[in-house]
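What follows is each chain in one-letter form.
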Amino acid sequence: MIELHNVTVQYQKDSQALSSVTLKIPKGDFVFITGTSGAGKSTLLKLVYAAVQPVSGHVLVDGQNLSRINRRQIPLLRRKVGVVFQDFKLLANRSVFENVAITLEVLGWESKDIGKKVYHILKRLGIEHKMDVSPLRLSGGEQQRVALARALVNEPKILLADEPTGNLDEANKNQILAIFREANIRGTTVLIATHDKRVVNQSHNRIIHLHNGMLQEAADDPFKA
Amino acid sequence: MTRSKHNVRPAASTKSGGSKFGYFFRKAFSNLAANRLVTALTVSTITLALLIIAMFLLVFVNMEGTVEQWSRKVVVTVYFDKEPLPQELTSLKNRITALPGTGSVSFVSKETALKTFKERLKGQESLLDGVSADILPSSLEIALTREHRSTEAVNIYVARLKKVQGVGEVQYGEEWVRKFLTFFNFLRVLGLLIAAFLLLAVLFIVSNTIRLTILARRDELEIQALVGATPLFIKAPFLIEGVIQGGAGAVIAVSMLTGGYYTLLSNSANFLAFNPVEAGISFLPPLHLIALIIGGSFLGFIGSLFSLKKFTSI
(Lines give C-alpha, C1' and ligand atoms only; values in the text may rest on other atoms or scores of the structure.)
Protein backbone atom coordinates (compact mmCIF):
# COMPACT_ATOMS: atom_id res chain seq x y z
CA MET A 1 0.00 0.00 0.00
CA ILE A 2 2.81 2.43 0.94
CA GLU A 3 6.41 2.05 -0.25
CA LEU A 4 9.37 4.36 0.27
CA HIS A 5 12.55 3.67 -1.69
CA ASN A 6 15.67 5.53 -0.59
CA VAL A 7 13.65 8.64 0.18
CA THR A 8 15.40 11.81 1.29
CA VAL A 9 13.53 14.99 2.25
CA GLN A 10 15.28 18.28 2.78
CA TYR A 11 13.65 21.48 4.06
CA GLN A 12 16.92 23.38 4.36
CA LYS A 13 20.17 22.92 2.47
CA ASP A 14 22.25 21.61 5.33
CA SER A 15 19.70 19.45 7.19
CA GLN A 16 17.69 16.43 6.09
CA ALA A 17 14.24 15.78 7.52
CA LEU A 18 14.39 12.20 6.21
CA SER A 19 17.54 10.48 5.06
CA SER A 20 17.55 7.51 2.61
CA VAL A 21 14.44 5.92 4.13
CA THR A 22 13.25 2.64 2.62
CA LEU A 23 10.17 0.90 3.97
CA LYS A 24 7.08 -1.01 2.90
CA ILE A 25 3.68 -0.93 4.59
CA PRO A 26 1.27 -3.58 3.25
CA LYS A 27 -2.44 -3.05 2.72
CA GLY A 28 -4.45 -3.32 5.94
CA ASP A 29 -1.43 -2.84 8.21
CA PHE A 30 -1.53 -0.90 11.50
CA VAL A 31 1.76 0.91 12.10
CA PHE A 32 3.10 3.23 14.77
CA ILE A 33 5.77 5.70 13.71
CA THR A 34 7.77 6.72 16.72
CA GLY A 35 10.63 9.04 17.46
CA THR A 36 11.45 12.22 19.28
CA SER A 37 10.38 15.69 18.08
CA GLY A 38 12.12 16.49 14.81
CA ALA A 39 12.85 12.83 14.06
CA GLY A 40 10.86 13.04 10.79
CA LYS A 41 7.52 11.44 11.80
CA SER A 42 5.32 14.23 10.44
CA THR A 43 7.46 14.47 7.30
CA LEU A 44 6.90 10.78 6.62
CA LEU A 45 3.13 11.28 6.89
CA LYS A 46 3.28 14.38 4.66
CA LEU A 47 5.04 12.33 1.98
CA VAL A 48 2.06 9.96 1.85
CA TYR A 49 -0.48 12.73 1.12
CA ALA A 50 1.93 14.58 -1.17
CA ALA A 51 2.28 17.68 1.01
CA VAL A 52 6.07 17.42 0.62
CA GLN A 53 8.17 16.09 -2.22
CA PRO A 54 11.37 14.10 -1.71
CA VAL A 55 14.63 15.47 -3.12
CA SER A 56 15.54 11.89 -4.05
CA GLY A 57 13.97 8.44 -3.97
CA HIS A 58 10.46 7.26 -4.80
CA VAL A 59 7.22 7.16 -2.83
CA LEU A 60 4.52 4.71 -3.96
CA VAL A 61 1.00 5.00 -2.54
CA ASP A 62 -1.65 2.51 -3.66
CA GLY A 63 0.52 1.66 -6.65
CA GLN A 64 0.97 5.28 -7.69
CA ASN A 65 4.46 6.74 -7.92
CA LEU A 66 4.14 10.17 -6.29
CA SER A 67 7.36 11.43 -7.91
CA ARG A 68 5.62 11.10 -11.26
CA ILE A 69 2.15 12.47 -10.52
CA ASN A 70 1.26 15.99 -11.62
CA ARG A 71 -0.47 18.63 -9.50
CA ARG A 72 -3.88 17.77 -10.95
CA GLN A 73 -3.61 14.20 -9.66
CA ILE A 74 -2.84 15.22 -6.06
CA PRO A 75 -6.53 15.83 -5.12
CA LEU A 76 -7.40 12.34 -6.38
CA LEU A 77 -4.62 10.83 -4.23
CA ARG A 78 -5.81 12.76 -1.17
CA ARG A 79 -9.32 11.34 -1.54
CA LYS A 80 -7.83 7.93 -0.73
CA VAL A 81 -6.04 9.24 2.37
CA GLY A 82 -7.70 10.43 5.57
CA VAL A 83 -5.52 12.66 7.75
CA VAL A 84 -5.93 13.52 11.45
CA PHE A 85 -3.73 16.50 12.25
CA GLN A 86 -1.99 17.18 15.52
CA ASP A 87 -3.81 20.53 15.86
CA PHE A 88 -7.07 18.97 14.50
CA LYS A 89 -7.45 21.78 11.89
CA LEU A 90 -11.17 22.19 12.60
CA LEU A 91 -12.97 25.26 11.31
CA ALA A 92 -14.09 27.31 14.28
CA ASN A 93 -16.85 29.17 12.41
CA ARG A 94 -18.45 25.94 11.18
CA SER A 95 -20.51 23.42 13.09
CA VAL A 96 -19.28 19.89 13.81
CA PHE A 97 -21.56 18.64 11.03
CA GLU A 98 -20.15 21.14 8.49
CA ASN A 99 -16.58 20.29 9.49
CA VAL A 100 -17.16 16.62 8.68
CA ALA A 101 -19.31 17.30 5.61
CA ILE A 102 -16.41 19.14 3.87
CA THR A 103 -14.82 15.82 2.88
CA LEU A 104 -17.99 14.65 1.10
CA GLU A 105 -18.74 18.08 -0.43
CA VAL A 106 -15.32 17.97 -2.05
CA LEU A 107 -16.20 14.56 -3.51
CA GLY A 108 -19.38 16.00 -4.98
CA TRP A 109 -21.90 14.08 -2.89
CA GLU A 110 -25.52 15.23 -2.93
CA SER A 111 -26.54 17.07 0.25
CA LYS A 112 -29.12 14.47 1.35
CA ASP A 113 -26.50 11.71 1.10
CA ILE A 114 -24.00 13.90 2.96
CA GLY A 115 -26.53 14.35 5.78
CA LYS A 116 -27.03 10.59 6.20
CA LYS A 117 -23.34 9.71 5.97
CA VAL A 118 -22.15 12.44 8.35
CA TYR A 119 -24.79 11.54 10.91
CA HIS A 120 -23.80 7.88 10.60
CA ILE A 121 -20.10 8.53 11.26
CA LEU A 122 -20.79 10.99 14.10
CA LYS A 123 -23.04 8.38 15.72
CA ARG A 124 -20.35 5.73 15.30
CA LEU A 125 -17.92 8.03 17.11
CA GLY A 126 -20.49 8.95 19.77
CA ILE A 127 -20.73 12.70 19.08
CA GLU A 128 -23.93 12.91 16.99
CA HIS A 129 -25.58 14.99 19.74
CA LYS A 130 -22.94 17.71 19.24
CA MET A 131 -23.32 18.07 15.47
CA ASP A 132 -24.73 21.61 15.53
CA VAL A 133 -22.14 22.89 17.97
CA SER A 134 -18.98 24.82 17.08
CA PRO A 135 -15.80 22.75 17.62
CA LEU A 136 -14.60 25.52 19.96
CA ARG A 137 -17.21 24.41 22.48
CA LEU A 138 -15.97 20.81 22.55
CA SER A 139 -13.44 19.11 24.82
CA GLY A 140 -10.06 17.93 23.43
CA GLY A 141 -11.31 14.35 23.13
CA GLU A 142 -14.46 15.46 21.30
CA GLN A 143 -12.47 17.67 18.92
CA GLN A 144 -10.23 14.69 18.17
CA ARG A 145 -13.31 12.61 17.32
CA VAL A 146 -14.58 15.31 14.95
CA ALA A 147 -11.16 15.35 13.23
CA LEU A 148 -11.33 11.55 13.03
CA ALA A 149 -14.88 11.64 11.67
CA ARG A 150 -13.76 14.06 8.93
CA ALA A 151 -10.88 11.74 8.01
CA LEU A 152 -13.00 8.56 8.08
CA VAL A 153 -16.30 9.72 6.61
CA ASN A 154 -15.39 8.68 3.05
CA GLU A 155 -13.87 5.37 4.15
CA PRO A 156 -10.31 6.11 3.03
CA LYS A 157 -7.89 3.39 2.02
CA ILE A 158 -5.24 4.95 4.27
CA LEU A 159 -5.64 6.76 7.58
CA LEU A 160 -2.79 8.95 8.83
CA ALA A 161 -2.71 10.50 12.30
CA ASP A 162 -0.13 12.87 13.75
CA GLU A 163 0.04 12.61 17.55
CA PRO A 164 -3.65 11.78 17.90
CA THR A 165 -3.44 11.08 21.62
CA GLY A 166 -1.14 13.98 22.46
CA ASN A 167 -3.42 15.97 24.76
CA LEU A 168 -5.89 13.32 25.85
CA ASP A 169 -6.46 11.61 29.19
CA GLU A 170 -6.16 7.82 29.47
CA ALA A 171 -9.87 7.11 28.95
CA ASN A 172 -10.03 9.29 25.85
CA LYS A 173 -6.77 7.82 24.50
CA ASN A 174 -8.19 4.31 24.65
CA GLN A 175 -11.45 5.33 23.02
CA ILE A 176 -9.62 7.13 20.18
CA LEU A 177 -7.29 4.15 19.64
CA ALA A 178 -10.33 1.86 19.54
CA ILE A 179 -11.72 3.96 16.67
CA PHE A 180 -8.43 3.58 14.77
CA ARG A 181 -8.53 -0.18 15.33
CA GLU A 182 -12.12 -0.37 14.12
CA ALA A 183 -11.16 1.49 10.93
CA ASN A 184 -8.26 -0.92 10.51
CA ILE A 185 -10.62 -3.91 10.88
CA ARG A 186 -12.78 -2.38 8.14
CA GLY A 187 -9.76 -2.56 5.83
CA THR A 188 -8.09 0.82 6.22
CA THR A 189 -4.29 0.92 6.46
CA VAL A 190 -3.44 2.97 9.56
CA LEU A 191 -0.26 4.98 10.25
CA ILE A 192 -0.01 6.76 13.60
CA ALA A 193 2.89 9.07 14.39
CA THR A 194 3.36 9.34 18.13
CA HIS A 195 5.90 9.83 20.87
CA ASP A 196 3.44 8.49 23.45
CA LYS A 197 5.35 5.59 25.00
CA ARG A 198 2.35 4.04 26.74
CA VAL A 199 0.20 3.92 23.61
CA VAL A 200 2.92 2.08 21.70
CA ASN A 201 3.83 -0.26 24.54
CA GLN A 202 0.22 -1.34 25.04
CA SER A 203 -0.09 -2.45 21.42
CA HIS A 204 1.37 -5.36 19.48
CA ASN A 205 1.54 -3.56 16.20
CA ARG A 206 4.45 -2.86 13.93
CA ILE A 207 6.64 0.05 15.02
CA ILE A 208 8.71 2.17 12.68
CA HIS A 209 11.20 4.18 14.65
CA LEU A 210 12.83 7.30 13.27
CA HIS A 211 15.89 8.99 14.69
CA ASN A 212 17.28 12.16 13.12
CA GLY A 213 15.48 11.37 9.88
CA MET A 214 16.84 7.83 9.67
CA LEU A 215 14.92 4.58 9.96
CA GLN A 216 15.47 2.27 12.93
CA GLU A 217 12.63 -0.18 12.56
CA ALA A 218 11.14 -2.55 15.13
CA ALA A 219 13.36 -1.89 18.08
CA ASP A 220 12.30 -3.65 21.25
CA ASP A 221 12.01 -0.36 23.01
CA PRO A 222 12.03 2.35 20.35
CA PHE A 223 12.12 5.08 22.97
CA LYS A 224 15.57 4.02 24.11
CA ALA A 225 17.24 5.28 20.94
CA MET B 1 -10.07 -7.44 4.92
CA THR B 2 -13.69 -6.34 4.55
CA ARG B 3 -15.28 -3.07 3.55
CA SER B 4 -18.88 -2.14 4.25
CA LYS B 5 -21.09 -2.59 1.21
CA HIS B 6 -23.29 0.48 1.56
CA ASN B 7 -20.57 3.08 1.87
CA VAL B 8 -18.60 3.04 -1.31
CA ARG B 9 -16.38 6.05 -1.92
CA PRO B 10 -17.17 7.65 -5.29
CA ALA B 11 -14.11 7.82 -7.52
CA ALA B 12 -15.04 11.23 -8.82
CA SER B 13 -17.70 13.83 -8.41
CA THR B 14 -21.26 12.57 -8.60
CA LYS B 15 -22.62 16.00 -9.45
CA SER B 16 -23.47 17.12 -12.96
CA GLY B 17 -21.98 20.36 -14.30
CA GLY B 18 -25.22 22.26 -13.64
CA SER B 19 -25.70 21.12 -10.06
CA LYS B 20 -22.00 21.70 -9.37
CA PHE B 21 -22.47 25.29 -10.54
CA GLY B 22 -25.53 25.54 -8.31
CA TYR B 23 -23.46 24.23 -5.40
CA PHE B 24 -20.75 26.84 -6.04
CA PHE B 25 -23.39 29.59 -6.06
CA ARG B 26 -25.03 28.38 -2.85
CA LYS B 27 -21.59 28.10 -1.26
CA ALA B 28 -20.65 31.62 -2.40
CA PHE B 29 -23.84 33.12 -0.97
CA SER B 30 -23.56 31.21 2.32
CA ASN B 31 -19.92 32.34 2.63
CA LEU B 32 -20.91 35.97 2.02
CA ALA B 33 -23.67 35.69 4.63
CA ALA B 34 -21.40 33.93 7.13
CA ASN B 35 -18.76 36.67 6.83
CA ARG B 36 -21.09 39.66 6.80
CA LEU B 37 -18.67 42.20 8.25
CA VAL B 38 -15.83 41.31 5.89
CA THR B 39 -18.29 41.26 2.97
CA ALA B 40 -19.59 44.72 3.92
CA LEU B 41 -16.05 46.07 4.16
CA THR B 42 -15.08 44.60 0.80
CA VAL B 43 -18.19 45.92 -0.95
CA SER B 44 -17.62 49.39 0.63
CA THR B 45 -14.03 49.46 -0.59
CA ILE B 46 -15.06 48.43 -4.10
CA THR B 47 -17.88 51.01 -4.03
CA LEU B 48 -15.51 53.85 -3.13
CA ALA B 49 -12.91 52.76 -5.67
CA LEU B 50 -15.51 52.50 -8.45
CA LEU B 51 -17.11 55.80 -7.42
CA ILE B 52 -13.78 57.51 -8.09
CA ILE B 53 -13.64 55.84 -11.53
CA ALA B 54 -17.28 56.74 -12.24
CA MET B 55 -16.70 60.40 -11.28
CA PHE B 56 -13.63 60.52 -13.47
CA LEU B 57 -15.63 58.98 -16.30
CA LEU B 58 -18.32 61.64 -15.85
CA VAL B 59 -15.72 64.42 -16.11
CA PHE B 60 -14.05 62.72 -19.08
CA VAL B 61 -17.30 62.17 -20.98
CA ASN B 62 -18.30 65.82 -20.46
CA MET B 63 -14.85 66.99 -21.49
CA GLU B 64 -15.06 64.88 -24.65
CA GLY B 65 -18.51 66.30 -25.35
CA THR B 66 -17.20 69.85 -25.06
CA VAL B 67 -14.23 69.07 -27.27
CA GLU B 68 -16.56 67.44 -29.79
CA GLN B 69 -18.63 70.64 -29.90
CA TRP B 70 -15.52 72.74 -30.43
CA SER B 71 -14.29 70.44 -33.14
CA ARG B 72 -17.48 71.15 -35.11
CA LYS B 73 -16.00 74.57 -35.69
CA VAL B 74 -13.48 72.98 -38.06
CA VAL B 75 -15.16 74.39 -41.18
CA VAL B 76 -13.90 74.62 -44.76
CA THR B 77 -15.23 77.60 -46.69
CA VAL B 78 -15.59 77.90 -50.47
CA TYR B 79 -15.90 81.54 -51.62
CA PHE B 80 -17.68 82.62 -54.80
CA ASP B 81 -16.50 85.54 -56.94
CA LYS B 82 -20.06 86.16 -58.03
CA GLU B 83 -23.40 85.03 -56.71
CA PRO B 84 -24.12 81.55 -58.20
CA LEU B 85 -27.37 80.69 -59.91
CA PRO B 86 -29.69 78.42 -57.90
CA GLN B 87 -29.19 75.42 -60.29
CA GLU B 88 -25.39 75.90 -60.20
CA LEU B 89 -25.49 76.08 -56.44
CA THR B 90 -27.58 72.88 -56.11
CA SER B 91 -25.34 70.87 -58.42
CA LEU B 92 -22.16 72.17 -56.70
CA LYS B 93 -23.63 71.28 -53.28
CA ASN B 94 -24.40 67.77 -54.55
CA ARG B 95 -20.86 67.33 -55.88
CA ILE B 96 -19.38 68.49 -52.55
CA THR B 97 -21.76 66.33 -50.51
CA ALA B 98 -20.56 63.32 -52.53
CA LEU B 99 -16.98 63.90 -51.33
CA PRO B 100 -15.89 61.56 -48.52
CA GLY B 101 -15.63 63.52 -45.27
CA THR B 102 -18.39 66.04 -45.98
CA GLY B 103 -20.68 66.42 -42.99
CA SER B 104 -22.98 69.22 -44.03
CA VAL B 105 -22.91 71.99 -46.66
CA SER B 106 -24.64 75.30 -46.08
CA PHE B 107 -24.86 78.32 -48.33
CA VAL B 108 -24.04 81.71 -46.81
CA SER B 109 -25.41 84.52 -48.96
CA LYS B 110 -23.85 88.02 -49.07
CA GLU B 111 -26.69 89.29 -46.89
CA THR B 112 -26.23 86.58 -44.29
CA ALA B 113 -22.48 87.19 -44.29
CA LEU B 114 -23.04 90.89 -43.59
CA LYS B 115 -25.52 90.10 -40.85
CA THR B 116 -23.05 87.72 -39.18
CA PHE B 117 -20.29 90.29 -39.52
CA LYS B 118 -22.48 92.90 -37.84
CA GLU B 119 -23.27 90.54 -35.02
CA ARG B 120 -19.57 90.01 -34.43
CA LEU B 121 -19.05 93.77 -34.25
CA LYS B 122 -21.74 94.17 -31.62
CA GLY B 123 -21.62 97.68 -30.16
CA GLN B 124 -19.54 98.97 -33.07
CA GLU B 125 -22.06 98.39 -35.86
CA SER B 126 -21.63 102.02 -36.89
CA LEU B 127 -18.34 100.99 -38.51
CA LEU B 128 -20.37 99.22 -41.16
CA ASP B 129 -22.72 102.18 -41.82
CA GLY B 130 -23.11 102.66 -45.53
CA VAL B 131 -21.52 99.34 -46.32
CA SER B 132 -23.63 97.18 -48.64
CA ALA B 133 -23.72 93.38 -48.73
CA ASP B 134 -22.00 93.49 -52.16
CA ILE B 135 -18.55 93.96 -50.64
CA LEU B 136 -18.74 90.52 -49.00
CA PRO B 137 -18.56 87.31 -51.05
CA SER B 138 -21.18 84.61 -50.77
CA SER B 139 -19.83 81.23 -49.70
CA LEU B 140 -20.44 77.55 -48.94
CA GLU B 141 -19.53 76.44 -45.40
CA ILE B 142 -18.63 72.77 -45.18
CA ALA B 143 -18.62 70.98 -41.83
CA LEU B 144 -16.53 67.81 -41.81
CA THR B 145 -17.41 64.43 -40.37
CA ARG B 146 -15.70 63.61 -37.07
CA GLU B 147 -13.14 61.23 -38.53
CA HIS B 148 -12.07 63.80 -41.14
CA ARG B 149 -11.13 66.52 -38.69
CA SER B 150 -7.46 65.61 -38.24
CA THR B 151 -4.84 67.89 -39.84
CA GLU B 152 -3.91 65.34 -42.53
CA ALA B 153 -7.53 64.45 -43.27
CA VAL B 154 -8.46 68.16 -43.65
CA ASN B 155 -5.54 68.71 -46.04
CA ILE B 156 -6.54 65.69 -48.15
CA TYR B 157 -10.17 66.85 -48.13
CA VAL B 158 -9.25 70.39 -49.24
CA ALA B 159 -7.05 68.99 -52.04
CA ARG B 160 -10.01 66.92 -53.30
CA LEU B 161 -12.41 69.83 -52.87
CA LYS B 162 -10.26 72.09 -55.02
CA LYS B 163 -10.58 69.60 -57.88
CA VAL B 164 -14.38 69.77 -57.80
CA GLN B 165 -15.73 71.68 -60.79
CA GLY B 166 -17.02 75.13 -59.81
CA VAL B 167 -14.93 75.46 -56.65
CA GLY B 168 -12.73 78.56 -56.63
CA GLU B 169 -11.08 79.92 -53.49
CA VAL B 170 -11.01 77.60 -50.47
CA GLN B 171 -10.09 78.72 -46.97
CA TYR B 172 -9.73 76.99 -43.62
CA GLY B 173 -7.87 77.92 -40.46
CA GLU B 174 -4.91 75.55 -40.89
CA GLU B 175 -2.96 76.74 -37.85
CA TRP B 176 -6.06 76.86 -35.67
CA VAL B 177 -7.07 73.37 -36.72
CA ARG B 178 -3.58 72.03 -36.00
CA LYS B 179 -3.38 73.61 -32.54
CA PHE B 180 -6.87 72.57 -31.64
CA LEU B 181 -6.32 68.96 -32.66
CA THR B 182 -2.99 68.77 -30.82
CA PHE B 183 -4.71 70.00 -27.66
CA PHE B 184 -7.60 67.61 -28.19
CA ASN B 185 -5.26 64.62 -28.62
CA PHE B 186 -3.23 65.67 -25.56
CA LEU B 187 -6.43 65.76 -23.48
CA ARG B 188 -7.41 62.29 -24.73
CA VAL B 189 -3.99 60.75 -23.97
CA LEU B 190 -3.94 62.42 -20.55
CA GLY B 191 -7.45 61.14 -19.84
CA LEU B 192 -6.56 57.62 -20.91
CA LEU B 193 -3.38 57.67 -18.79
CA ILE B 194 -5.30 58.82 -15.71
CA ALA B 195 -7.98 56.20 -16.41
CA ALA B 196 -5.36 53.45 -16.74
CA PHE B 197 -3.69 54.57 -13.51
CA LEU B 198 -7.04 54.68 -11.70
CA LEU B 199 -7.96 51.22 -12.98
CA LEU B 200 -4.65 49.78 -11.80
CA ALA B 201 -5.08 51.42 -8.40
CA VAL B 202 -8.63 50.07 -8.11
CA LEU B 203 -7.52 46.58 -9.17
CA PHE B 204 -4.77 46.73 -6.54
CA ILE B 205 -7.20 47.85 -3.82
CA VAL B 206 -9.86 45.30 -4.77
CA SER B 207 -7.34 42.48 -5.07
CA ASN B 208 -5.86 43.26 -1.65
CA THR B 209 -9.24 43.60 0.00
CA ILE B 210 -10.31 40.22 -1.36
CA ARG B 211 -6.94 38.79 -0.34
CA LEU B 212 -7.74 39.80 3.25
CA THR B 213 -11.03 37.91 3.10
CA ILE B 214 -9.23 34.88 1.69
CA LEU B 215 -6.54 35.14 4.38
CA ALA B 216 -9.29 35.10 6.99
CA ARG B 217 -10.49 31.79 5.50
CA ARG B 218 -7.15 30.21 4.66
CA ASP B 219 -7.85 27.35 7.13
CA GLU B 220 -10.89 26.41 5.10
CA LEU B 221 -8.89 26.50 1.86
CA GLU B 222 -6.17 24.38 3.45
CA ILE B 223 -8.64 21.78 4.72
CA GLN B 224 -10.39 21.60 1.36
CA ALA B 225 -7.06 21.02 -0.38
CA LEU B 226 -6.06 18.37 2.17
CA VAL B 227 -9.26 16.37 1.77
CA GLY B 228 -8.81 16.29 -2.00
CA ALA B 229 -10.56 19.33 -3.43
CA THR B 230 -9.52 20.29 -6.94
CA PRO B 231 -8.28 23.86 -7.51
CA LEU B 232 -11.53 24.61 -9.39
CA PHE B 233 -13.61 23.41 -6.43
CA ILE B 234 -11.67 25.71 -4.09
CA LYS B 235 -11.55 28.70 -6.42
CA ALA B 236 -15.06 28.71 -7.91
CA PRO B 237 -17.02 29.96 -4.85
CA PHE B 238 -14.40 32.66 -4.18
CA LEU B 239 -14.53 33.81 -7.80
CA ILE B 240 -18.33 33.96 -7.66
CA GLU B 241 -18.06 35.91 -4.39
CA GLY B 242 -15.66 38.32 -6.12
CA VAL B 243 -18.10 38.84 -9.00
CA ILE B 244 -21.02 39.40 -6.58
CA GLN B 245 -19.03 41.81 -4.40
CA GLY B 246 -17.66 43.69 -7.43
CA GLY B 247 -21.13 43.88 -9.02
CA ALA B 248 -22.75 45.03 -5.76
CA GLY B 249 -20.03 47.66 -5.25
CA ALA B 250 -20.54 48.90 -8.83
CA VAL B 251 -24.34 49.09 -8.47
CA ILE B 252 -23.98 51.10 -5.24
CA ALA B 253 -21.33 53.37 -6.82
CA VAL B 254 -23.54 54.02 -9.88
CA SER B 255 -26.56 54.69 -7.60
CA MET B 256 -24.52 57.12 -5.49
CA LEU B 257 -23.26 58.93 -8.59
CA THR B 258 -26.78 59.12 -10.06
CA GLY B 259 -28.22 60.30 -6.74
CA GLY B 260 -25.41 62.81 -6.27
CA TYR B 261 -25.75 64.17 -9.80
CA TYR B 262 -29.49 64.72 -9.64
CA THR B 263 -29.33 66.14 -6.10
CA LEU B 264 -26.70 68.58 -7.37
CA LEU B 265 -28.93 69.50 -10.31
CA SER B 266 -32.03 70.14 -8.23
CA ASN B 267 -30.09 72.21 -5.70
CA SER B 268 -27.58 73.85 -8.02
CA ALA B 269 -29.37 77.22 -7.91
CA ASN B 270 -28.51 77.48 -4.21
CA PHE B 271 -24.76 77.35 -4.58
CA LEU B 272 -23.85 77.58 -8.26
CA ALA B 273 -23.98 80.67 -10.46
CA PHE B 274 -24.93 78.51 -13.46
CA ASN B 275 -27.27 75.68 -14.30
CA PRO B 276 -25.19 72.53 -14.98
CA VAL B 277 -27.59 71.30 -17.69
CA GLU B 278 -27.61 74.66 -19.48
CA ALA B 279 -23.80 74.70 -19.18
CA GLY B 280 -23.79 71.44 -21.13
CA ILE B 281 -22.88 69.14 -18.22
CA SER B 282 -24.64 65.86 -18.92
CA PHE B 283 -24.88 62.58 -17.00
CA LEU B 284 -23.25 59.33 -18.11
CA PRO B 285 -25.08 57.55 -20.94
CA PRO B 286 -26.80 54.23 -19.97
CA LEU B 287 -24.17 52.24 -21.88
CA HIS B 288 -21.44 53.69 -19.66
CA LEU B 289 -23.43 52.80 -16.53
CA ILE B 290 -23.88 49.21 -17.71
CA ALA B 291 -20.16 49.07 -18.57
CA LEU B 292 -19.35 50.27 -15.03
CA ILE B 293 -21.46 47.52 -13.46
CA ILE B 294 -20.00 44.82 -15.72
CA GLY B 295 -16.53 46.30 -15.10
CA GLY B 296 -17.08 46.14 -11.32
CA SER B 297 -18.01 42.45 -11.51
CA PHE B 298 -15.00 41.81 -13.74
CA LEU B 299 -12.74 43.65 -11.27
CA GLY B 300 -14.07 41.46 -8.45
CA PHE B 301 -13.40 38.37 -10.55
CA ILE B 302 -9.83 39.40 -11.48
CA GLY B 303 -9.14 40.54 -7.89
CA SER B 304 -10.23 37.13 -6.56
CA LEU B 305 -8.26 35.30 -9.22
CA PHE B 306 -5.03 37.17 -8.38
CA SER B 307 -5.50 36.65 -4.66
CA LEU B 308 -6.29 32.96 -4.97
CA LYS B 309 -3.23 32.13 -7.02
CA LYS B 310 -1.10 31.98 -3.91
CA PHE B 311 -3.50 29.98 -1.77
CA THR B 312 -4.41 27.06 -3.98
CA SER B 313 -0.94 25.54 -4.10
CA ILE B 314 -1.25 23.87 -0.67
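Residues numbered from 1 in each chain as written. Chains lettered and ligands numbered in written order. Predicted model: local features only at pLDDT ≥ 70, side-chain atom pairs only at ≥ 80, totals over all residues. Heavy atoms only, no water.

## Details of the sheet that holds strand E2 (residues 102-108) of chain B
Residue and element names in this part refer to chain B.
- Here we have four strands laid out as an open sheet, ordered E2-E3-E1-E4, and antiparallel in their pairing. Two strands lie at the open edges of the sheet, namely E2 and strand E4 (169-171), each paired on one side alone. Strand-to-strand, the axes of this sheet are offset by a mean angle of 20°, without reference to chain direction.
- Contacts between helix H3 (residues 86-97) and the sheet are confined to E2 and strand E3 (139-144), with E2 contributing the most and set at about 160° to the helix. (Pairing = 2+ DSSP bridges. Helix = DSSP H or I, 4+ residues; strand = E, 2+ residues; numbered from the N terminus. Axes fitted to C-alpha atoms, helices over the stretch in contact; angles between N-to-C directions. Contact = heavy atoms within 4.5 Å.)

## Quick word on the packing of aromatic side chains
- Inspection of the entire model under this criterion finds 11 aromatic pairs over all chains.
- Where Tyr-49 of chain A meets Phe-85 of chain A, the ring centres are 6.2 Å apart and the plane angle is 90°; that geometry is what we call edge-to-face. Of the two residues, Tyr-49 of chain A is situated in the loop between helix H1 (41-48) and strand E4 (56-61) and Phe-85 of chain A in the loop between strand E6 (81-84) and helix H3 (96-106); the sequence distance between them amounts to 36 residues.
- Ring geometry for Phe-24 of chain B against Phe-233 of chain B: centres 5.8 Å apart, planes inclined by 75°, an arrangement best described as edge-to-face. Highlighted residues: Phe-24 of chain B in helix H1 (residues 17-34) and Phe-233 of chain B in helix H8 (residues 231-271), separated in sequence by 209 residues. In terms of burial, Phe-24 of chain B and Phe-233 of chain B fall into one category: buried.
- Of the aromatic side chains, those joined through ring pairs into one cluster are Tyr-23, Phe-24 and Phe-233 of chain B.
- Above the face of the Phe-85 of chain A ring, Lys-89 of chain A is positioned so that its terminal group lies 5.4 Å from the ring centre.
- A cation sits over an aromatic face here: Arg-181 of chain A above Phe-30 of chain A, 4.8 Å from the ring centre. (Phe/Tyr/Trp six-rings, centres within 6.5 Å; stacked < 30°, edge-to-face > 60°. Buried < 20%, exposed > 50% of the residue type's maximum accessible area, 1.4 Å probe, protein only. Lys NZ or Arg CZ within 6 Å of the ring centre and 35° of its normal.)

## Remarks on the environment of Gly-295 of chain B
- When you line up the elements, Gly-295 of chain B lands in helix H9 (residues 286-309).
- Considering only alpha carbons, one finds Gly-295 of chain B and Val-243 of chain B, 52 residues apart in sequence, at a separation of 9.8 Å.

## Focus on the layout of surface pockets
Residues and elements named next belong to chain B.
- Roughly 500 Å³ of volume is contained in the largest pocket.
- Taken together, 20 residues line the largest pocket, and the ones lying closest to its centre are Thr-77, Tyr-79, Thr-116, Arg-120 and Glu-141.
- Put simply, the parts of the chain that give the lining of the largest pocket at least two residues each are strand E1 (75-79), helix H4 (110-120), E3 and helix H6 (174-216).
- For the lining of the largest pocket, a count of residues per class yields 11 nonpolar, six polar and three charged. (1 Å grid on protein atoms, 1.4 Å probe; cavity = no way out; pocket = protein on both sides within 12 Å on 5 of 7 lines; lining within 4 Å. Points joined across faces, edges and corners; volume = space filled by probe spheres on them. Nonpolar A, V, L, I, M, F, W, Y, C, P; charged D, E, K, R; others polar.)

## Overview of the pairing of strand E9 (residues 206-211) of chain A
Residues and elements named next belong to chain A.
- As defined by bridge partners, strand E3 (residues 30-34) adjoins E9 across four bridges and the pair is classed as parallel. The residue bridging Val-31 from the neighbouring strand is Arg-206, located in E9.
- As defined by bridge partners, E9 adjoins strand E10 (residues 214-215) across two bridges and the pair is classed as antiparallel. Directly across from Leu-210, in E10, lies its bridge partner Leu-215.

## Considerations on a nonpolar patch on the surface
Residue and element names in this part refer to chain B.
- Taken together, the side chains of Trp-70, Phe-183, Phe-186, Leu-190 and Ile-194 make up a nonpolar region of the molecular surface, amounting to roughly 470 Å² of accessible area.
- Here the element with the most residues in the nonpolar patch is H6; it accounts for four residues.
- With respect to the secondary-structure elements, Leu-190 resides in helix H6. (Patch = residues over 30% accessible without salt bridge, like charges linked within 9 Å, V, L, I, M, F, W, Y side chains within 5 Å. Areas by Shrake-Rupley, 256 points an atom, 1.4 Å probe, with all protein chains shown as cover. Salt bridge = Lys/Arg side-chain N within 4 Å of Asp/Glu carboxyl O.)

Bear in mind that shape data such as this cannot, by itself, settle questions of function.
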